[in-house]
Amino acid sequence: MNEIDQLKKSSEGLLWISEANYPFEVFTWDNTDILTSALVLERAGYPPDTPIEVQTLDQFFAPATTEEDWHNEAEKAQVKRYQALKQTLSDCLTDIQVYRLGSTTIDIYIVGKTPEGTVAGLSTKVVET
């Protein structure tokens, strides 16, 4: 199973929880040597002046991968799925960065490189009001 198939399998049926819940979508972009915020904006179809924030994979997933004492069994299972997804991303991609594009309804791009050098990752949305 290649990296893209592993990402699809690991994220299938999983929603990113915010004020609205959105699925993850796998994407690939043509090869690029240097991944920059400007390039992410361009590939995502955003104007160059769009607000953008860059996070590490750990920063992005911290709220979803931390099991709390008050979690019920379903919530604990959800945490394990997020932990597995984060691990799959780490196993399949290198140089991973998380880009948050826009404000209020924010497009999330978890971007890295496959062993073949293809830029790939997951996208989703988060709503923060």
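For the structure itself, consult the block above.
Counting restarts for each chain, with residues numbered from 1 along the sequence as it is written. This being a predicted model, a pLDDT of at least 70 is required before a residue's local features are given, and a value of 80 or more before pairs of side-chain atoms are given or counted; all residues contribute to the totals for chains, interfaces and linings. Working from all heavy atoms in the structure, the side-chain values ignore hydrogens and water.

Trainee: Please clarify how the environment of A84 should be interpreted in this entry.
Mentor: Counting from the N terminus, the helices are the DSSP runs of H or I reaching at least four residues and the strands are the DSSP runs of E reaching at least two. As for its position among the elements, A84 is in helix α4 (residues 73–92). When the C-alpha positions of A84 and Q59 are compared, they lie 16 Å apart, and in sequence the two are 25 residues distant.

Trainee: Quick question: what am I supposed to make of α4 here?
Mentor: In an α-helix, one turn spans 3.6 residues, which is why side chains three or four residues apart end up on the same side. By this rule the span expected of a helix is its residue count minus one, scaled by 1.5 Å. Compared with an ideal rise of 1.5 Å per residue, which puts 20 residues at 28 Å, α4 spans 29 Å between its outermost C-alpha atoms and is within 8% of the ideal. When α4 is considered as a whole, its buried residues turn out to be V79, Y82, L85, T88, L89 and C92. A contact between two residues is defined here by any heavy atoms of the two lying within 4.5 Å. Elements in contact with the buried residues of α4: α1 (3–11), β1 (15–16), α3 (57–65), β5 (94–101), β6 (105–113) and β7 (119–127). Between the side-chain oxygen at the start of α4 and the backbone nitrogen of A74 there is a gap of 3.0 Å, and the oxygen is on N72. Only protein chains enter the area calculation, which uses a 1.4 Å probe; residues under 20% of their type maximum are buried, those over 50% are exposed, and those in between are partly exposed. Pairs of N or O atoms are called polar contacts if they sit within 3.5 Å, as long as, within protein, a hydrogen donor faces a hydrogen acceptor (for residues adjacent in sequence, only side-chain-to-side-chain pairs).

Trainee: Would you take a moment to explain the pairing of β5 for this structure?
Mentor: Looking along a regular strand, one sees the side chains alternate between the two faces of the sheet. Pairing analysis gives 4 bridges linking strand β4 (residues 52–55) to β5, with the strands arranged antiparallel. Across the sheet, residue I52 finds its bridge partner in β5, namely L101. A pair of strands counts as paired when DSSP detects no fewer than two bridges linking them. In this sheet, β6 lies alongside β5 in antiparallel orientation, the contact comprising 6 bridges. Across the sheet, L101 pairs through a bridge with D107, a residue of β6.

Trainee: What is the right way to read the sheet that holds β5 from this model?
Mentor: In a beta sheet, neighbouring strands pair by backbone hydrogen bonds and run either parallel or antiparallel. If you trace the 5 strands from one edge of the open sheet to the other, you get β3-β7-β6-β5-β4, paired in antiparallel fashion. Each having just a single partner strand, β3 (25–29) and β4 make up the two edges of the open sheet. Neighbour-to-neighbour, the strand axes of this sheet turn through a mean angle of 25°, independent of strand direction. In this sheet, β7 lies alongside β6 in antiparallel orientation, the contact comprising 9 bridges. Residue pairing for β7: I108 is matched across the bridge by T124. For helices, the fitted axis covers only the stretch in contact; all axes are lines through C-alpha atoms, and the angles between them, taken along N-to-C directions, range from 0 to 180 degrees. Lying over the sheet, α1 contacts β3 and β7, oriented at roughly 160° with respect to β3. Against the sheet, helix α2 (residues 37–44) engages β3, β4, β5 and β6, with an angle of about 65° to β5.

Trainee: Honestly, the pattern of salt bridges in this entry has me stumped. Any pointers?
Mentor: A side chain of one charge can pair with a side chain of the opposite charge when the charged atoms of the two come close. The salt bridge definition used is simple: a Lys or Arg side-chain nitrogen within 4 Å of an Asp or Glu carboxyl oxygen. All chains considered together, the criterion is met by 6 salt bridges. Put simply, E73 and K76 hold a salt bridge, and the shortest N to O gap is 3.9 Å. With E73 and K76 both in helix α4 and 3 residues apart, the pair spans about one turn of that helix. By relative accessible area, which is 61% here, E73 ends up exposed. A relative accessible area of 23% places K76 in the partly exposed class. Residues K125 and D107 are paired through a salt bridge, measuring 2.6 Å at the closest nitrogen-oxygen approach.

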